[in-house]
Amino acid sequence: MRLRVPPGAPAALKVLAAAAAAPAPVRPHLGGPAERPRALPSPLGLELELDNGTVLFSPNAICQYFYLCRGQEPTDLTTQWLEWEATELQPAVAAALYLRLVQGRAGPDAVAVLQHLLAHLEQHLARSGTTHLAGDAASVADVVVWGSLFPVLQDETSVPSELQVLRSWFRAMSLWEPCRDAAALLPEALRELRDHLAQHPPAQLGPRHEPQDEEGPERMLTDDDIAAAVDIWARGPAALPPPRQPQTPVLPVEGERNVLITSALPYVNNVPHLGNIIGCVLSADTFARYCRLRNWNTLFVCGTDEYGTATETRALEEGLSPQELCDRYHAVHADIYAWFRISFDHFGRTTTPQQTRIAQDIFQRLLARGFLLQDTLEQLRCESCGRYLADRFVEGTCPFCGYAEARGDQCDKCGKLINAVELKNPQCKVCRGTPVVTPTQHLFLDLPKLEGRLEAWLECTLATGDWTANARHITRTWLRDGLKPRCITRDLTWGTPVPLDGFRDKVFYVWFDAPIGYLSITANYTDQWERWWKNPQQVELYNFMAKDNVPFHSVVFPSSLLGADDNYTLVKHLIATEYLNYEDGKFSKSRGVGVFGDMAKDTGIPADVWRFYLLYLRPEGQDSAFSWADLLLKNNSELLNNLGNFINRAGMFVCKFFAGAVPAMVLTAEDQRLLARVTLEMRQYHQLMEKVRIRDALRCVLSISRHGNQYIQVNEPWKRIKGDERDRQRAGTVTGVAVNVAAALAALLQPFVPGVSAAIQGQLRIPPERCGLGPGLTCTLPAGHRVGTVSPLFQKLEPEQVEALRQRFGGGQAKQTPPPSAPPPAPNTSAAPGDPKVIQELTEQVAKQGNLVRQLKAAQVEKAQVDAQVAKLLELKQQLALAEGRSPEIPKGKRKK
């Protein structure tokens with residue numbers, strides 16, 4: 001093998017380190033592909049030529065190949081880390097290197113770009129209890145992640161001091177001989193890279209946590225950027241798309257972009273919590289609203305999934321028929337989503353004649369084409385309850401990881417799918433009796449027979465569609481392990497009946513039946529539903545869900561439709577989130593932990609604030625956690641002080657200084673640069689929204705309002721209005737430009753906070769035909785346009801208010817926090833020093849407590865509360881020191897003399 005490494009390739013660090021660690025029989029050729037006359041597209045390119053002539057270009061693929069050569073197969077965890085490094089870490093590293101190498105910014109500025117990613121690494125290492133990312137030995141994941149970080153960090157002192165676990169890992173990796181030898185090439189590589197980045201600035205795709213200063217963005221602007229922005233501005237309302245005339249029902253239109261959006265169907269018995277809402281309906285709604293702003297022909301459907309044993313059991317508990325129970329809880333769901341301003345075109349349900357007709361038709365077509373099997377299934381039956389138990393009503397110990405509360409269909413801890421009879425120590429969740437295994441005849445979808453069709457479709461779809469990294473990974477894992485026949489019937493009474501002799505006492509299994517609900521819900525909306533669902537040539541289908549639903553939407557349901565062979569529209573873009581947790585744990589209705597949809601409106605916090613915060617921390621690439629302290633911080637800093645402050649000032653200046661009429665504007669070079677910066681942010685916003693990177697697109701909006709605040713602050717129109725004619729003219733220009741930026745923000749905010757968007761449009765009296773979303777900043781409100789009454793858009797959240805809510809929704813978790821006056825608990829010295837389990841638990845507690853202290857300080861809560869949590873943090877650190885066999889640190893100012 002021959003490895004060609006061109007100059008200025010930081011990616012060479014991980015490749016050379018992996019080659020040395022393997023060790024791989026490779027001949028490195030430094031200095032680039034000299035033997036080949038062709039030129040690489042950038043100095044970042046490198047390649048590995050195998051002995052058979054095959055050439056690998058991807059640095060991560062090359063690293064993985066070296067480890068394969070030593071017989072080390074990739075695991076799910078190493079694969080996830082490599083995908084995370086490629087999709088999340090690499091873009092942020094490119095931006096950090098640009099700041100450091102080209103703009104000459106100090107190291108802390110560059111590291112700040114990586115802050116949230118470094119925190120993710122710290123969290124994983126602290127929680128896993130292992131010394132490396134995928135175990136106790138350095139893997140390909142460690143080499144790849146270290147290789148990306150090293151050009152920015154270079155030594156462990158650059159890692160923020162609060163990330164102690166990450167510091168230890170980075171130091172160990174940097175001192176490891178394969179990495180240390182590779183790092184010797186860095187200085188020359190950075191010199192070459194600086195020249196490349198100066199000519200080709202990276203796309204700023206990473207989330208922005210801090211406002212950029214005036215100098216940086218200006219230096220990134222080109223004359224073409226400014227000229228294009230001035231042109232868009234000068235075109236005025238003509239640059240905006242004309243309003244789309246609504247049609248009822250919404251049907252595909254030939255020659256237009258027809259977008260069909262589904263949100264995973266919530267189970268009717270489960271009142272959705274905040275994690276459910278952001279994972280499915282709110283994410284889908286935000287994208288649907290954006291599509292409509294773009295004038296794309298858009299249909300957004302969802303509904304309640306109402307069949308199954310869970311409904312039967314709940315109805316029995318409440319003394320209702322299953323249908324009566326579904327009617328009650330369907331209304332609960334509809335009310336919750338209406339309060340959150342979810343803009344369904346139709347919110348339906350699965351207990352309809354259309355569901356029965358369409359599901360049975362798909363079944364008959366699969367049967368006729370030989371894609372169904374009959375087999376005997378051993379199923380758990382509870383004799384006490386007198387029924388076969390659905391998977392989710394069996395609980396026991398996971399046969400794979402030993403988790404004690406695994407469900408009968410899937411383990412929530414390791415994620416593996418389970419047959420209920422494989423559970424150890426199974427229990428009926430209704431009566432806690434021990435079920436017995438009973439044989440029963442069932443029908444199966446022959447997935448192995450459909451595998452060829454599925455793989456051919458996936459190959460095309462994954463290459464052309466936007467699938468999130470977790471969706472791709474989960475789907476590949478299913479295919480890699482080999483598909484197995486999947487049971488599609490159940491011994492129940494509440495469900496879609498099976499139309500086949502010998503099975504008429506059974507119903508369809510929910511994961512065969514439920515996705516068909518998308519079709520039947522559309523059929524209840526319009527009798528022309530097939531124009532959406534049997535029209536793959538003209539319709540783009542987006543599925544939104546949490547990651548646990550991926551295999552059923554990427555493998556099982558597409559296989560059913562491919563086997564039915566009736567020109568069905570299959571998913572083109574599969575958008576899956578990770579999980580949203582609550583504070584330090586999980587949502588639990590029974591334990592009173594977390595905010596559920598029917599409770600949110602009773603908090604006194606407006607729906608749009610909930611929408612904003614959930615979208616701000618949307619778990620796009622990794623799990624995230626709801627935090628009351630962070631909600632307070634984001635409301636008061638981002639909404640009130642940043643966004644609300646700018647829009648309110650812009651409108652108030654028009655009212656106070658110019659009698660409510662937008663003044664004339666004479667643009668200077670400074671104004672033109674602002675137009676260009678806002679237009680670039682809007683362009684980035686569009687790119688991110690089209691890729692359904694909703695969280696990052698929201699940060700573009702906040703960045704625009706920061707630019708606006710800086711623009712106002714620098715130009716001080718409240719002072720200039722008191723000066724001479726020239727100063728008054730300048731005050732008018734600044735005010736006019738600012739209020740037009742506010743008008744643009746109204747459109748940009750519409751997908752995220754529609755109520756706030758409507759309020760801005762009302763206060764500024766923006767005509768409906770000027771509420772569209774253009775390619776950049778336009779002069780939507782020309783001189784002479786009269787605005788209305790301007791009032792604050794957001795209210796401050798007080799620490800006492802938020803603390804009361806945290807206690808109210810904390811369940812057992814809130815009770816664990818001692819009151820401020822309580823003394824810290826005595827150290828737990830019973831564990832023997834060096835006990836790895838105790839050390840791991842204490843390390844996690846220290847990390848969590850440190851985050852809590854930082855959040856409380858940032859939120860400026862009462863000093864007594866902060867002091868109490870600091871005392872708890874110090875106590876935990878002392879316990880950790882004792883467990884590790886070290887002498888506990890004595891706080892500064894209290895050292896013994």
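All values derive from a computational prediction rather than experimental measurement.

Peer 1: Which parts of the structure should I look at to understand the overall build of the protein chain?
Peer 2: The helix and strand inventory of the protein chain stands at 34 helices and 20 strands. By residue count, 56% of the 897 residues in the protein chain fall in the buried class. Total accessible area on the protein chain is roughly 37700 Å²; 51% of this is exposed by carbon and sulfur atoms.

Peer 1: Whenever I open this one, the sheet that holds strand β5 (residues 258-263) confuses me. Can you help?
Peer 2: For sheets, the rule is that strands pair by backbone hydrogen bonds, running either parallel or antiparallel. In spatial order, the strands read β7-β6-β5-β17-β18; together these five strands make up an open sheet with parallel pairing. The open sheet has two edge strands with one neighbour each: β7 (346-349) and β18 (573-577). Across the sheet, the mean angle from the axis of one strand to that of its neighbour is 20°, orientation sign disregarded. Bridging between β5 and strand β17 (residues 539-546) involves six bridges; their strand directions are parallel. Paired with L260 across the two strands is L541, which belongs to β17. Packing against the sheet, helix α15 (residues 322-339) makes contact with β6 (297-304) and β7, and its axis sits at approximately 160° to β7.

Peer 1: How do you make sense of the pairing of β6 when you look at a structure like this?
Peer 2: Successive side chains on a regular strand alternate, one facing one side of the sheet and the next facing the other. Of all eight residues in β6, eight are buried; the element is thus mostly enclosed. On β6, burial covers both faces: N297, L299, V301 and G303 on one face and T298, F300, C302 and T304 on the other are all buried. In this structure, β5 lies alongside β6, joined through five bridges in parallel fashion. Paired with T262 across the two strands is V301, which belongs to β6. With four bridges joining them, β6 and β7 adopt parallel strand pairing. Residue pairing for β7: C302 is matched across the bridge by F347.

Peer 1: Looking at this model, I keep getting lost on the side chain of T397. Mind explaining?
Peer 2: Among the structural elements, T397 can be located in strand β10 (residues 394-397). In this structure T397 comes out as buried when scored by relative accessible area, which is 19%.

Peer 1: How should I be thinking about unusual backbone geometry in this particular structure?
Peer 2: In terms of backbone geometry, most residues other than glycine have negative phi values and most peptide bonds are trans. Here the residue pair A22 and P23 is connected by a cis peptide bond, since its omega of -25° sits within 30 degrees of zero. By secondary structure assignment, the location of P23 is in the loop between α1 (11-21) and β2 (27-30). Unlike most non-glycine residues, N425 shows phi in positive territory, near 50°. If you check the backbone angles, A659 has positive phi at about 55° while not being a glycine. You can see A659 is positioned in the loop between α25 (628-658) and α26 (669-690). Its relative accessible area of 56% is what places A659 among the exposed residues.

Peer 1: Could you clarify how one ought to interpret the packing of helix α17 (residues 447-464) against helix α18 (residues 469-480) in this entry?
Peer 2: Two measures define how a pair of helices packs: the angle their axes make with one another and the distance between the axes. Viewed as axis vectors pointing N to C, α17 and α18 meet at an angle of 155°, and their least axial separation amounts to 12 Å. With respect to each other, α17 and α18 are oriented roughly antiparallel. α18 is crossed by α17, and the crossing has left-handed handedness. Residues E451, L454, E455, L458 and L462 of α17 pack against R472, T475 and L479 of α18. Residue composition of the contact of α17 with α18, grouped by class: four nonpolar, one polar and three charged.

Peer 1: For this particular structure, what's the right way to read the nonpolar core?
Peer 2: Side chains that are nonpolar tend, in soluble globular proteins, to be buried together. Membership of the largest hydrophobic core comes to 169 residues, with the highest contact counts inside it found for I261, I362, W610, W628, Y685, L745 and F752. The element contributing the most residues to this core is helix α29 (residues 725-749), with 13 residues. When near neighbours in sequence (up to four residues on either side) are disregarded, W628 contacts Y582, E583, V595, I605, W610, V802, L805, R806 and F809. Among the nonpolar cores identified, the runner-up in size contains 58 residues, and A21, L117, L166 and F170 belong to it.

Peer 1: Honestly, the sheet that holds strand β8 (residues 372-382) in this entry has me stumped. Any pointers?
Peer 2: Pairing within the open sheet is antiparallel, and its four strands lie in the order β9-β8-β13-β14. Only two strands of the sheet have a single neighbouring strand rather than two, namely β9 (387-388) and β14 (486-487). Taken together, the ten bridges between β8 and strand β13 (residues 436-445) define a ladder with antiparallel strand orientation. When the bridges of β13 are listed, Q379 appears paired with T438.

Peer 1: I'm lost on the layout of surface pockets in this one. Help?
Peer 2: If a probe the size of a water molecule is rolled over the atoms, the empty space left behind becomes visible. Counted as a void, the second largest pocket has a volume near 590 Å³. Lining of the second largest pocket is provided by 23 residues; of these, R244, P246, R292, L293 and N295 occupy positions nearest its centre. Among the secondary structure elements, those contributing two or more residues to the lining of the second largest pocket are α13 (281-293) and β6. Per element, the largest residue contribution to the lining of the second largest pocket is three residues, and it comes from α13. Residue composition of the lining of the second largest pocket, grouped by class: ten nonpolar, eight polar and five charged.

Cut-off values and rules
- Chains are numbered independently. Their residues run from 1 in the order of the written sequence.
- For a predicted model such as this one, the threshold for reporting local features is a pLDDT of at least 70, and the threshold for listing and counting side-chain atom pairs is 80 or more; totals across whole chains, interfaces and linings nevertheless cover every residue.
- Calculation of side-chain values draws on the structure's entire complement of heavy atoms; hydrogens and water are dropped beforehand.
- Helical segments are the DSSP runs of H or I of at least four residues, strand segments are the runs of E of at least two, and each set is numbered from the N terminus.
- For every residue, the accessible area obtained with a 1.4 Å probe (protein chains only) is divided by the maximum for its type, and the residue is called buried under 20%, exposed over 50%, and partly exposed between those limits.
- The protein chains shown are the only cover counted for residues, whose accessible areas, like all others here, come from Shrake-Rupley with a 1.4 Å probe.
- Any two strands with at least two DSSP-identified bridges between them are counted as paired.
- Simply put, an axis is a line fit to the C-alpha atoms, just over the touching stretch for a helix, and the angle between two N-to-C directions goes from 0 to 180 degrees.
- Two residues form a contact once any of their heavy atoms are found within 4.5 Å.
- For classification, angles of less than 35 degrees are called roughly parallel, those exceeding 145 degrees roughly antiparallel, those between 65 and 115 degrees roughly perpendicular, and all remaining angles oblique.
- We call a crossing left-handed when the near helix sits turned anticlockwise from the far one by less than a right angle, and right-handed when that turn is clockwise.
- We call Asp, Glu, Lys and Arg charged. Ala, Val, Leu, Ile, Met, Phe, Trp, Tyr, Cys and Pro are nonpolar, and the rest, Gly among them, are polar.
- For this analysis, a nonpolar core means a set of buried residues of the types Ala, Val, Leu, Ile, Met, Phe, Trp, Tyr and Cys, connected via side-chain atoms within 4.5 Å.
- Residues are called lining when one of their atoms sits within 4 Å of a cavity or pocket point, these points coming from a 1 Å grid over the protein atoms alone, where a cavity is a set in which a 1.4 Å probe fits but cannot get out and a pocket is an open set with protein on both sides within 12 Å along at least five of seven lines.
- Grid points are joined across faces, edges and corners, and a volume is the space filled by probe spheres set on the points.

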